[in-house]
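Listed below are the residues making up each chain.
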Amino acid sequence: MSAIEKRTDVETIDVFGATLTRRRFVQGAGGMVVGLSVVAAGVGAKKAAAAGSGNSLDATQLGSWLTINPDNTITMRTGKVEMGQGSVTAAYAQILAEELNVPFSQITQIVYGDTDRTPDGGIAAGFLGAGANNLRLVGAYTYQALLSLASQQLGVPVGSLSAQGGVISGGGKNVTYGQLVSGSQLNLTIPVTGNLLVGGLTVTGSPPTKPPSQYTVVGTSQPMGSIPGIVTGTATWVGNIRLPGMLHARMVKPPTFGSTLVSVGQLDKKEFPNTQIVVKGNLVAVLDPEEYTAVTAAAELAGKTKWTDWSDLPGSGNLVNFLRSADYNAAAMTVNTNLGQPSAAFASAAKVVSATYVRPYFKHAPIGPSVAVADVRSDGTAIVWAHTQAPQPLRKMLSYVLQTDPSNIVVRILDGSGHYGRSNPGPDGAEADAAILSQIVGRPVRVQWMRQEDMAWAVSSFPQLADMKVALDANNNMTGFQADYHQTGRYDGRGLGALLAGLPPGALEDGSPAVPQVNGHYSWVATASTVWPYDKVTNAVEYQHNAAPPGQVSSPYKAGLRIHSSRTPVQRQANWALESIINEAAATAGVDAIDFRARHTTDQRLLNVMNTLKTAHGWQTRPSPNPAAKATGSTPMTGRGMGVMLRSGGHWAAAADITVVPSTGKVTVNKYTVVLDPGIVINPMQMKRITEGGSVMGISEALYEELAFNKRTVTSTDWVSYPIMRIMDLPEINVVLVNNPSVGTYNGAGEGSNGLPQLAITAAFFDATGKQARSLPLRPRNVKAILAA
Amino acid sequence: MASSLKIKVNGLVHSVSASLDTPLLYVLHNELHLHGPRFGCGLAQCGACSVLLDGKEIRSCVTPVAAVSGKQVTTLEGLPALWAQQRGTTGSVPALHPLQQAWIDQQVPQCGYCQNGMIIQAADLLGTTKNPTMLQIKQAMNGHLCRCGTYTAVIEAIQQAARSMTKGA
């Protein structure tokens, strides 16, 4: 603001709990009004500040969330990150546009994730649940403030005003949003709560929001803004960053998850004249101005570097024994379902159906391995370019690693390979490496993990051994249910590079420094699980038993086989076991799988998605197995199966038709139908695409995926040793969306969609063969073992 | 040691400095700043790094830069010009190749990391097979992995582009 300006006309208006302060600026000399956008004072000042002086926006200021430009276009800001599901660049913009009464096209700029340019932080889970509500409320507060301003300016009562396309009209007059804010500094102070660096901030209060019945933008298929850049090669990926003086780094990892450095090798100076070797603790890296030189130098150095041996993993071949005999000293937790007196129900049961289900470790397996660029400067400030679902928690983690205040760190978000939940606590993988190396060499450093490194060292999705049982009465009705889920810990948000370097590795989800939790291991216990869909069964309980990730306690740097949440976490594991035992109970009862479920629930949305599934899939109503089922021979056997999931307010049902060739063990999915009632459908096309994609991921998990490891390290290190589904195996996938605006809440499809195929496929396997598939994946070897049992 | 060599990329001859065994991908990124092709595995297993070499899809992560001299490399960025050349309308290069347009229309990408390879492989396919069957599409695309699971959308986009290219649009 220049010295000749003076402030007059300070007005304060209460807008449903938000405070609107308006100052009109009058220039002293010439009388010209100074044009300021809503945001100019708030964001401009912060952006101009050097990295290190605060470096976050004030979320209580409207201007931190959005800018209404004089030309009536709008810039939107959110701390959540676009991970490729269109949640930010399509859905959030639709929600904001809806509440502001502007067309989607009027939101011309979207800033997301950057810790110094966005207000609220948060993580990319619950994206379209609680996450979306922030912009919905910001939009609603803003709209009310604009109406108040328009009322004053036009001299028309608020009740007589209406808005369309960013123009407020009433009493025969009209004014655009851009005109309303031009010449004023609007300070709309909105109420927020929460912790920016940990769970993120939540906008509170209840300004009037638009009833879903009046939606015109939400519910339409808008394009995800990132697509044109991706298909033309103009997208800015993290891996594209090249800074002056930047060095390319490649890591030389220990050969096991517990080996320590004995001696680092040497490089031939003639062959590698510019290559630097950096060693800190067990962190070993090579850095070179030329990227491919760093690649070859790392390979050379790896062969010449000596490490201690370590072999404290159970090996994937011993997974069942490991999960059966692991130390579950932490008391069993009851999770979401804890109803009635299950033990009494089992004592009086006519029949008890019980089974144990086992799932292996899976990888998130992004197509692009982790990459990050860090510029740690001599004044102690740092900028890190990354692709993470949780920029503020990453910033916090890096503040531990660099041993500085978070205000000295900025995390900037660029496009990256999808990684499906593994960065939810902050790091995706390479960030701590980059920060540590840049701090040591005093130059910007780009760290690109290689394929084998990403497969071995990035976090995995946890395995599960689930003991399940159902009580049936004499009429074959379910009267009791008990689940005992055994699994290894999850949510390891520590920076791997810091573990290896012996530096503080980061923070727990509650923001406290990472210290061992239970029995000396970092087992962030799972707390979310299934939602009990069968409310007529009033004696039901789920117990969860958490063990240390294998090798973590004995690894000198507490690495071991690290775990983090993966798309539809916990429920993807538990719900497979839950729905599988329900299918087994239905078969024991001699009742069709859909009919059996319908007998035990009053949930109308669940009943509706199952009925929709019947029609959409062409479901044959009959008990399983198929009367023609056979477990031997070379004749292809066909079967169909189904399952349901309740997640985050969304209701799902899915069915699969499969073929099993008993003699070869080959399983083929021929047709897959999935029905989703998410509540309000925000973007039908996007939701269909995301559901198709999640379905492919779930089919891939059911048929192909299993992380192999020996006693030392992971041995699934590429796409041959860790196969995922290929396009040749793509079945016909039918997605049916049930728009249910009366629910009043949104939901996404990224979570949920990958959790249904396993249920339907294993049920179809039993239908086709008469043999229960209680272990995944259904690769030929496992299939033959199941059929021979 | 680094050598000076000339490679032809997207219709232009570039002088680059790299050791002869440097994979083309690193030269495209670091010398020519072409970031359409992506590093995925470095093993020719996933297809994220694909480019066209004289119209045929290759994996730039394992192709030594020396192997492309005297040949035409086309990257994702060069597809609109390639399409103009194929139609004989090089005077006016469209903003998008029909495949790129179809990818936008069908909302194919999710994270998008693999889509460079998908589009490049599809350009190879449609260069030789004007109206591919479903099986031909699947066979051609089978070497490209997508973790977001966009396969259904990829097929629909290729079908759209095939219709559009047959009409010469």
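Keep in mind the model is a prediction, meaning the values are calculated, not measured. (Residues numbered from 1 in each chain as written. Chains lettered and ligands numbered in written order. Predicted model: local features only at pLDDT ≥ 70, side-chain atom pairs only at ≥ 80, totals over all residues. Heavy atoms only, no water.)

What follows is about the overall build of chain B. Looking only at helices and strands, chain B has six helices and five strands in total. Secondary structure elements of chain B, listed N to C terminal, follow the sequence β-β-α-β-β-β-α-α-α-α-α. Rg of the C-alpha trace for chain B: 16 Å, near the compact-globule value of 15 Å for 169 residues, within the 12% margin. With the C-alpha coordinates aligned to their principal axes, the bounding extent of chain B is approximately 45 × 40 × 25 Å. Counting the 169 residues in chain B, one finds 59% classified as buried. Intrachain contacts of chain B at a sequence separation of at least 6 include 55% that bridge at least 24 residues. On chain B, roughly 6100 Å² of surface is accessible, and the fraction owed to carbon and sulfur atoms is 53%. Across chain B, the 12 positively charged side chains and the 8 negatively charged ones have centroids separated by 6 Å. (Helix = DSSP H or I, 4+ residues; strand = E, 2+ residues; numbered from the N terminus. Rg over C-alpha atoms; globule rule 2.2 N^0.38 Å. Buried < 20%, exposed > 50% of the residue type's maximum accessible area, 1.4 Å probe, protein only. Contact = heavy atoms within 4.5 Å. Areas by Shrake-Rupley, 256 points an atom, 1.4 Å probe, with all protein chains shown as cover. Lys, Arg positive; Asp, Glu negative; His and termini not counted. Charge placed at Lys NZ, Arg CZ, Asp CG, Glu CD.)

Looking now at the confidence of the model for chain B. Scored by pLDDT, chain B has a mean of 96; 99% of the residues are at 70 or more. Here the prediction assigns the complex a pTM of 0.94, and the interface score ipTM is 0.98. (pLDDT = per-residue confidence, 0-100.)

What follows concerns the side chain of A:Asn754. Structurally, A:Asn754 is set in the loop between helix H18 (750–753) and helix H19 (757–769). For A:Asn754, the contacting residues outside a window of four places in its chain are A:Arg567, A:Thr568, A:Arg572, A:Gly694, A:Met697 and A:Gly698.

By definition, a disulfide links two cysteine residues through a covalent bond between their sulfur atoms. Residues and elements named next belong to chain B. Applying the stated rule across the entire model yields zero disulfides over all chains. With no disulfide of its own, Cys 49 has Cys 61 as its nearest cysteine by sulfur position, at a separation of 3.7 Å. Between Cys 114, a free cysteine, and Cys 146, which holds the nearest cysteine sulfur, the sulfur-to-sulfur gap is 3.6 Å. (Disulfide = S-S within 2.5 Å.)

This part covers the pattern of salt bridges. It is possible for side chains bearing opposite charge to pair when their charged atoms get close. Residue and element names in this part refer to chain A. Counted by the stated rule, this structure contains 33 salt bridges over all chains. For the salt bridge of Glu 300 with Lys 304, the shortest nitrogen-to-oxygen distance reads 3.1 Å. Note that Glu 300 and Lys 304 are positioned in helix H7 (residues 291–304) at a spacing of four residues, about one turn of the helix. One salt-bridge network, held together by shared partners, links Asp 114, Asp 116, Arg 117 and Arg 412. (Salt bridge = Lys/Arg side-chain N within 4 Å of Asp/Glu carboxyl O.)

Turning next to the side chain of A:Ser460. Residue and element names in this part refer to chain A. Inspection of the secondary structure puts Ser 460 in strand S24 (residues 460–461). Polar side-chain contacts of Ser 460 include one of 3.0 Å to the side chain of Lys 363. Those residues in contact with Ser 460 that lie beyond four places of it in its chain are Tyr 361, Phe 362, Lys 363, His 364, Leu 561, Arg 562, Ile 563, His 564 and Leu 707. (Polar contact = N/O pair within 3.5 Å; in protein donor to acceptor, adjacent residues only side chain to side chain.)

With that settled, consider the interface of chain B and chain A. Counting residues at the interface gives 51 residues for chain B and 60 residues for chain A. Counting each side, the surface lost to burial between chain B and chain A is near 4700 Å², with a carbon and sulfur contribution of 60%. It is B:Gln107, B:Gln110 and B:Arg147 in chain B that bury the most area against chain A; as a group they hold 20% of the surface buried on that side. Seen at the junction of chain B and chain A, the total is two salt bridges. Measuring nitrogen to oxygen at the nearest pair gives 2.9 Å for the salt bridge that ties B:Glu156 to A:Arg689. Along the contact surface separating chain B from chain A lie 20 residue pairs in polar contact (both at pLDDT 80 or more). For the side of chain B that touches chain A, the secondary structure elements donating two or more residues are helix H1 (24–30), helix H3 (98–105), helix H4 (115–128), helix H5 (134–141) and helix H6 (151–166) of chain B. Considering each element in turn, the side of chain B that touches chain A owes the most residues, six residues, to H6(B). (Buried area = accessible area lost by both parts, 1.4 Å probe.)

Turning to the sheet that holds strand S30 (residues 666–679) of chain A, a few remarks are in order. Residues and elements named next belong to chain A. Sheet architecture is open: four strands sit in the order S28-S29-S30-S31, paired in mixed fashion. Unpaired on one side and paired on the other, strand S28 (637–647) and strand S31 (732–739) mark the two borders of the sheet. Ignoring strand direction, the axes of neighbouring strands in this sheet form an average angle of 15°. Bridge count between S30 and S31: seven bridges; the pairing is parallel. (Pairing = 2+ DSSP bridges. Axes fitted to C-alpha atoms, helices over the stretch in contact; angles between N-to-C directions.)

The next point concerns the pairing of strand S10 (residues 192–195) of chain A. Residue and element names in this part refer to chain A. In terms of strand pairing, S10 meets strand S11 (residues 200–203) through four bridges, oriented antiparallel. In the sheet register, Asn 195 faces S11, and the bridge partner there is Gly 200. Two successive antiparallel strands, S10 and S11, enclose a turn made up of four residues.

Another aspect to go through is the confidence of the model for chain A. Counting all residues, the mean pLDDT for chain A is 89, and 89% of those residues have values of 70 or more. Counted against residues more than four places away or in other chains, residues 25–53 of chain A, with its pLDDT under 50, gives 58 contacts.

Residue and element names in this part refer to chain B. Read from one edge of the open sheet, five strands run S2-S1-S5-S3-S4, paired in mixed fashion. Looking at which strands have only one partner, the edges of the open sheet turn out to be strand S2 (12–18) and strand S4 (56–59). This sheet shows a mean twist of 45° between the axes of neighbouring strands, independent of strand direction. Of the strands in this sheet, strand S3 (50–53), S4 and strand S5 (72–74) touch H4, which is tilted by about 30° from S3.

The description of two aromatic rings rests on the distance between their centres and on the angle between their planes. Residue and element names in this part refer to chain A. Counted by the stated rule, this structure contains seven aromatic pairs over all chains. With 5.5 Å between their ring centres and 85° between their planes, Tyr 361 and Phe 709 make a pair best called edge-to-face. Note that Tyr 361 is positioned in the loop between strand S18 (351–359) and strand S19 (362–363) and Phe 709 in the loop between helix H17 (684–703) and S31, a separation of 348 residues in sequence. Through a chain of ring-to-ring contacts, the aromatic side chains of Phe 481, Trp 532 and Tyr 534 assemble into a single cluster. We note Arg 640 situated over the ring of Trp 619; from NZ or CZ to the ring centre the distance is 4.0 Å. (Phe/Tyr/Trp six-rings, centres within 6.5 Å; stacked < 30°, edge-to-face > 60°. Lys NZ or Arg CZ within 6 Å of the ring centre and 35° of its normal.)

What follows deals with helix H14 (residues 571–589) of chain A. Between its first and last C-alpha atoms H14(A) spans 26 Å; for 19 residues at 1.5 Å apiece the expected length is 27 Å, and the two agree. The buried fraction of H14(A) amounts to 18 of the 19 residues, a majority that puts the element mostly inside the structure. (Expected span 1.5 Å × (residues − 1).)

Another point: helix H11 (residues 431–441) of chain A. Residues and elements named next belong to chain A. Counting buried residues in H11 gives nine out of eleven residues, a clear majority hidden from the surface. Turning to H11, its buried residues are Glu 431, Ala 432, Asp 433, Ala 434, Ala 435, Ile 436, Leu 437, Ser 438 and Val 441. Once H11 ends, the next one or two residues include Gly 442, with phi positive near 70°.

Glancing now at unusual backbone geometry. All names here are of chain A. Along the chain, Ser 624 connects to Pro 625 via a cis peptide bond; the corresponding omega equals 5°. Relative to the assigned elements, Pro 625 resides in the loop between helix H16 (604–617) and S28. Between Leu 776 and Pro 777 the backbone carries a cis peptide bond, its omega angle lying at -5°. When you line up the elements, Pro 777 lands in the loop between H19 and helix H20 (780–788). The phi torsion at Gln 403 lies on the positive side, around 50°, for a residue other than glycine.

Quick look at the environment of A:Trp532 now. All names here are of chain A. Along the chain, Trp 532 falls in the loop between helix H13 (496–501) and strand S27 (540–547). For Trp 532, a relative accessible area of 12% translates into the label buried. C-alpha of Trp 532 to C-alpha of Ile 733: the two residues are 201 residues apart in sequence and 27 Å apart in space. Those residues in contact with Trp 532, other than ones at most four positions away along the chain, are Thr 337, Leu 339, Phe 481, Val 537, Ala 540, Leu 578 and Leu 646. Of note is the side chain of Trp 532, whose polar atom sits 2.9 Å from the backbone oxygen of Tyr 534. For Trp 532, the side chain forms a polar contact with the main-chain oxygen of Val 537, separated by 3.1 Å.

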